[in-house]
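What follows is each chain in one-letter form.
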Amino acid sequence: MTNSACRSCGDKLTESFCDLGMSPPSNAYLTADRLDKAEAFFPLHAYVCKKCLLVQLEQFQAPEEIFSDYAYFSSYSESWLAHCKAYTELMRARFGLNSRSQVIEIASNDGYLLQYFKAAGIPVLGIEPAANVANVAEEKGIPTLVRFFGRATAAALVEKSVKADLLLGNNVLAHVPALNDFVAGMKLLLKPAGVITMEFPHLLSLMAENQFDTIYHEHFSYFSYISVNAVFERHGLILFDVDEIPTHGGSLRIYAKHADDSSKPVSSRISTLLDAEKRAGLDRLDAYRSFAEQVKETKRALLEFLIRVKREGKSVVGYGAAAKGNTLLNYCGIRSDFLDYVVDRNPHKQGRFLPGSHIPIVAPERIGETRPDYVLILPWNIRKEIVEQMASIREWGGRFVVPVPRVEVLE
């Protein structure tokens, strides 16, 4: 049991959701000279608030320790770039954004999304705490403020007469430990008739598709519509529309406005989604209490597969040095005795080692050189993209394996 309070409503956390044991921070990639040094491991135990039903982790590291020098660059995923380009076109058409509008993105990373608004002649501003990633955005001509976002950052921008017509954040809401400060900051920074959009993995998909590997230390919160609506309402923001989108195994894009903005009617998609969550039991604690057992069964099935094929003398490698992969490997106790190496397209990760498991990260070309029997796809949410990129493994009879929602060898 934890002594922590819910980061949304403040109620005491007593209900366990999923205990994945001790794990290192998922993006704490190691250099060779650190392999024989001590690593920090923290509990990876998610709780559900019995009052507001927010699933969440305790905070063991300050955001500055996780995000100030970040290894994730959004522009290395082609499918993600296509998603973001389509989003910018949708927002421009729906809300009439033009050269007089101001688009602000929180956690703007390397400019992966704002570049499309900029190309359309729309003024943009990125807010990104990781200086190494923000520098890449600046090189693309994307003005970027290197700061964490909250009330203080929003107030400083408002003082300079900067406010947003469109304020967006993709996969940042889950990364925020001070949730109420963050949402209050968005309220401050939004123009009276402005729109907020936030994208985040949907808890309903996480539970239905057994996506426990998306639980890791930098994801402090796991949102349903029920739980995210509660925190926005608390700060005078109304959710008026929602899109269910396929990214990250099933995500939500919520649209928010000021409570006194009557220009945007509430979509029927809101009630439809709320009904779906209630049918799945997300308004009751029993559904959350039953999740842990299916996670344990996935661990057993993956280890059974790996033990069997290794005893047959087969070779197995991993694709994608993703955070979700590190959760999976450390929870299951998978090391280089099962996976020879992991490949990743991101040159910032190549030459390093996965945290905890110490499996080496190399360039994708290594697969063609070593011709493994199986490639375990760790970022299963982009498995189609990976299968297309690595189709050449079929030349020697290589096969792809996905671990989630169940262990499956792809035909």
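Each value, and the rule that gives it
Residues numbered from 1 in each chain as written. Predicted model: local features only at pLDDT ≥ 70, side-chain atom pairs only at ≥ 80, totals over all residues. Heavy atoms only, no water. Pairing = 2+ DSSP bridges. Helix = DSSP H or I, 4+ residues; strand = E, 2+ residues; numbered from the N terminus. Buried < 20%, exposed > 50% of the residue type's maximum accessible area, 1.4 Å probe, protein only. Lys, Arg positive; Asp, Glu negative; His and termini not counted. Salt bridge = Lys/Arg side-chain N within 4 Å of Asp/Glu carboxyl O. Polar contact = N/O pair within 3.5 Å; in protein donor to acceptor, adjacent residues only side chain to side chain. Axes fitted to C-alpha atoms, helices over the stretch in contact; angles between N-to-C directions. Parallel < 35°, antiparallel > 145°, perpendicular 65-115°, else oblique. Left-handed = near helix turned anticlockwise from the far one by under 90°. Contact = heavy atoms within 4.5 Å. Nonpolar A, V, L, I, M, F, W, Y, C, P; charged D, E, K, R; others polar.

Peer 1: Could you give an account of the sheet that holds strand β14 (residues 361-362), with specific residues and numbers?
Peer 2: Here 6 strands make up an open sheet; going across it, the order is β14-β13-β12-β15-β16-β17 and the pairing mixed. Because the sheet does not close on itself, it has two edges, and the strands there are β14 and β17 (408-409). Bridge analysis of strand β16 (residues 399-402) against β17 gives 2 bridges, and the strand direction is antiparallel. Residue pairing for β17: Val401 is matched across the bridge by Val409.

Peer 1: Quick one: what's the story with the side chain of Asp213, residue by residue and with numbers?
Peer 2: Structurally, the position occupied by Asp213 is in the loop between α7 (203-208) and β9 (221-222). In this structure, Asp213 is buried with no salt-bridge partner, the nearest side chain bearing the opposite charge being Lys324 at 6.2 Å. Of note is the side chain of Asp213, whose polar atom sits 2.6 Å from the side chain of Trp380.

Peer 1: I'd like to hear about the packing of helix α6 (residues 179-189) against helix α8 (residues 225-234), residue by residue, with values.
Peer 2: Packed helices, taken two at a time, are described by the angle their axes make and the gap between the axes. Packing of α6 against α8 leaves a shortest axis separation of 9 Å and a crossing angle of 60 degrees. One element, α6, and the other, α8, form an angle in the oblique class. Where α6 crosses over α8, the two elements pack in a sense that is right-handed. The residues of α8 that touch α6, namely those facing Leu179, Asn180, Val183 and Met186, are Val231, Phe232 and Arg234. Partitioned by chemical class, the residues of the contact of α6 with α8 number 5 nonpolar, 1 polar and 1 charged.

Peer 1: How would you sum up the pairing of strand β10 (residues 237-245)? Please name residues and give values.
Peer 2: Here β10 lies mainly inside the structure; 7 of its 9 residues are buried. The turn joining β10 and strand β11 (residues 251-258), which pair antiparallel and follow one another in sequence, is formed by 5 residues; a positive phi near 55 degrees is taken by His248.

Peer 1: An account of the pattern of salt bridges is needed here, citing residue identities and associated values.
Peer 2: Summed over the entire model, instances satisfying the criterion amount to 22 salt bridges. The residue Glu293 makes a salt bridge to Arg300 at a minimum N-O spacing of 2.9 Å. The exposure class assigned to Arg300 is partly exposed, which follows from its relative accessible area of 37%. One salt-bridge network, in which partners are shared between bridges, spans Arg94, Glu199, Asp241, Asp243, Arg253 and Arg269.

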